[in-house]
Amino acid sequence: MDADDETTAAMIDDEIYANGGGEDEKRNRPIISGEPLDVEAYASLYGGRTKISRLLFIAEQSRCCRNEAMELEALRMAYDEVKKGENTQWFRDVAQKIDGRLGPEYQMDLAWCESVDRRAEQKREKLENELNAYRTNLIKESIRMGYNDFGDFHFSHGQLGDAFKNYVRTRDYCTTSKHIVHMCMCSILVSIEMGQFTHVASYVSKAEQTQEALDPITVAKLRCAAGLANLEAKKYKLAARKFLDTGHELGNNYNEVIAPQDIATYGGLCALASFDRAELKACILILLFFVFWNKVIDNLNFRNFLELVPEIREVINDFYSSRYASCLDYLGNLKANLLLDIHLHDHLETLYDQIRNKALIQYTHPFVSVDLNMMANAFKTDVAGLEKELEALITDNQVQARIDSHNKILYARHADQRNATFQRALQTGNEFDRDVKSMLLRINLFKHESNQKQSKKS
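Chains are numbered independently. Their residues run from 1 in the order of the written sequence. Note on the predicted model: pLDDT of at least 70 is required for a residue's local features to be given, and 80 or more for side-chain atom pairs to be given and counted; whole-chain, interface and lining totals, by contrast, use all residues. Hydrogens and water molecules were not included; the side-chain quantities draw on all heavy atoms of the structure.

A helix here means a DSSP run of H or I that spans at least four residues, while a strand means a run of E at least two residues long, and both kinds are numbered starting from the N terminus. Counting secondary structure elements, the chain contains 21 helices and three strands. In the chain, which comprises 458 residues, the proportion classed as buried is 42%. We call two residues contacting when some pair of their heavy atoms lies within 4.5 Å. Taking as baseline every contact in the chain between residues at least 6 positions apart, the subset at least 24 positions apart corresponds to 62%. As displayed, the chain offers around 24,800 Å² of accessible surface, 50% of which is attributable to carbon and sulfur atoms. Buried residues are those whose accessible area, probed at 1.4 Å on protein chains only, stays under 20% of the maximum for their type, while exposed residues exceed 50% and partly exposed ones sit between those limits. All accessibility values rest on the Shrake-Rupley procedure with a 1.4 Å probe; residue burial counts only the protein chains present in the view.

Time to look at the pairing of strand E3 (residues 409–412). Relative to E3, strand E1 (residues 369–371) runs antiparallel, the two sharing three bridges. Note that in E3 the partner of Asp371 across the bridge is Ile409. Whether two strands pair depends on DSSP finding at least two bridges between them. When strand E2 (residues 401–404) meets E3, the two strands line up antiparallel, connected through four bridges. By the bridge assignment, Asp404 is partnered in E3 with Ile409. Following E2, the chain reverses through four residues before pairing antiparallel with E3; Lys408 in that reversal takes a positive phi of roughly 55°.

Let's shift gears to unusual backbone geometry. Of note in the backbone geometry, Asn397 takes a positive phi value of approximately 65° without being a glycine. Inspection of the secondary structure assignment puts Asn397 in the loop between helix H20 (383–395) and E2.

With that settled, consider the packing of aromatic side chains. Here is the rule: rings of Phe, Tyr and Trp (six-membered ring for Trp) pair when centre to centre is within 6.5 Å. Planes less than 30 degrees apart are stacked, more than 60 are edge-to-face, and the remainder are tilted. Under the defined criterion, the tally for this structure stands at 12 aromatic pairs. Between Tyr324 and Phe379, the ring centres sit 5.5 Å apart and the planes meet at 5°, which makes this aromatic pair stacked. Of the two residues, Tyr324 is situated in helix H17 (residues 324–338) and Phe379 in the loop between helix H19 (372–378) and H20; the sequence distance between them amounts to 55 residues. Among the aromatic residues, those joined into a cluster by ring pairs are Phe319, Tyr324, Tyr363, Phe367 and Phe379. Lysine and arginine charges are scored as sitting over a ring when NZ or CZ, respectively, is within 6 Å of the ring centre and within 35 degrees of the ring normal. The cationic tip of Arg49 hangs over the ring face of Trp90; the distance from NZ or CZ to the ring centre is 4.2 Å. Directly above the aromatic system of Tyr203 lies the positively charged group of Lys206, at a separation of 5.0 Å from the ring centroid.

Below, the discussion takes up the packing of helix H7 (residues 140–156) against helix H8 (residues 160–169). Here an axis means a line fitted to C-alpha atoms, over the contact stretch when the element is a helix, while the angle between two N-to-C directions is reported on a 0 to 180 degree scale. Axis separation between H7 and H8 bottoms out at 8 Å; the angle between their running directions is 165°. As judged from the angle between their axes, H7 and H8 are roughly antiparallel. The interaxial crossing formed by H7 with H8 has left-handed handedness. Judged by residue contacts, Tyr147, Asn148, Phe150, Gly151, Asp152, His154 and Phe155 of H7 engage Leu160, Asp162, Ala163, Asn166, Tyr167 and Arg169 from H8. For this scheme, ten residues count as nonpolar: Ala, Val, Leu, Ile, Met, Phe, Trp, Tyr, Cys and Pro. Four count as charged, namely Asp, Glu, Lys and Arg, and the remainder, Gly too, count as polar. In the contact of H7 with H8, the residues fall into six nonpolar, four polar and three charged. To sort the angles, those under 35 degrees are grouped as roughly parallel, those over 145 as roughly antiparallel, those from 65 to 115 as roughly perpendicular, and the leftovers as oblique. Two helices that cross are described as forming a left-handed crossing if the nearer one is turned anticlockwise from the farther one by less than a right angle, and a right-handed crossing if clockwise.

See the structure below:
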């Protein structure tokens, strides 16, 4: 038996197990427990402004879920992190949210705020004087650096709109491709923090036009930014492709925006929700397990990221192997922690619904009839709930079938291939007849016009 046959046999075995057959012990792998998020370990993956943004988001979601312990832990870490910077308005907001619940060490520090604001005003005046001097001397590189310094100043103080304007102004004074790429990367960072993902997509495109100035790390950063922009635009298939194409050179070099674990999580979920089975096999399964087909296909990029998040790896493996109950159990256990992700939160329900619908569609596709009791057992749900889900898919024309509610059987509506072939043949004949008549009419028109011209000359 060759490699293709062995793989096909394994897939058939997996399909039998998914439909209720097979009791092999290797199937009884333990499902990961839905442990509470380790906020400190999670926050350590990030740096810069996004670390604080994510901590505050976790605190807000924990407050909504009445998880005060996690809320206070996130606020405590956010307080410590904000105080390392110069954003006094953010500090005031965090101290107000804590509201004295963490003791005297985590109260409003007005003296610190006044000191930081005083130094900020002095620095602002210095930067303005320097920029005015550069503009007077008409030195393009100095003017570019002056605007860039102003952008950094506003960004560190939380004035994102002003930071974006100053970064964009450097474009008129860029003299090399590297300067343009730097301007684009700064604009992308601020746009992500502001949630302006249309700007992100625009500046990613601008940066990609200067290929000669792009190193592998910058290319990986741009793909991550494009993936986030597509994710926010609900273009899940494009987002998955961008995350899958992200190079392993990225490492922790973009932790002010995204962690390597996020690339695996975002890319894996978007791929499961939007890729068909062939794409999933080609783009993910082969990367994970080095399956030998006609040749070895070895792409280390996404595999390296997936190794950081074994849960997502198991979800993808189970889905492709048709172990849908196990796959959905994994997703259910991961859901609480994934809802605390600042970028994934608004899309998680949609992604989960699409993944579940795809699982239902793929389960029913090979069969002429399906016992709903066995199918409900495979998906660990009740027959009534499964029936409603299938009704919705049939109504949306995603499943070509009808349900026998009395006997609890789903019957597939396979198209009449013989009739469809005759219909296509008739349609092709009609199109040929129409084309021939059009050609004859065109020839007659040319002939008539030629005869008219000859008669006029004579």
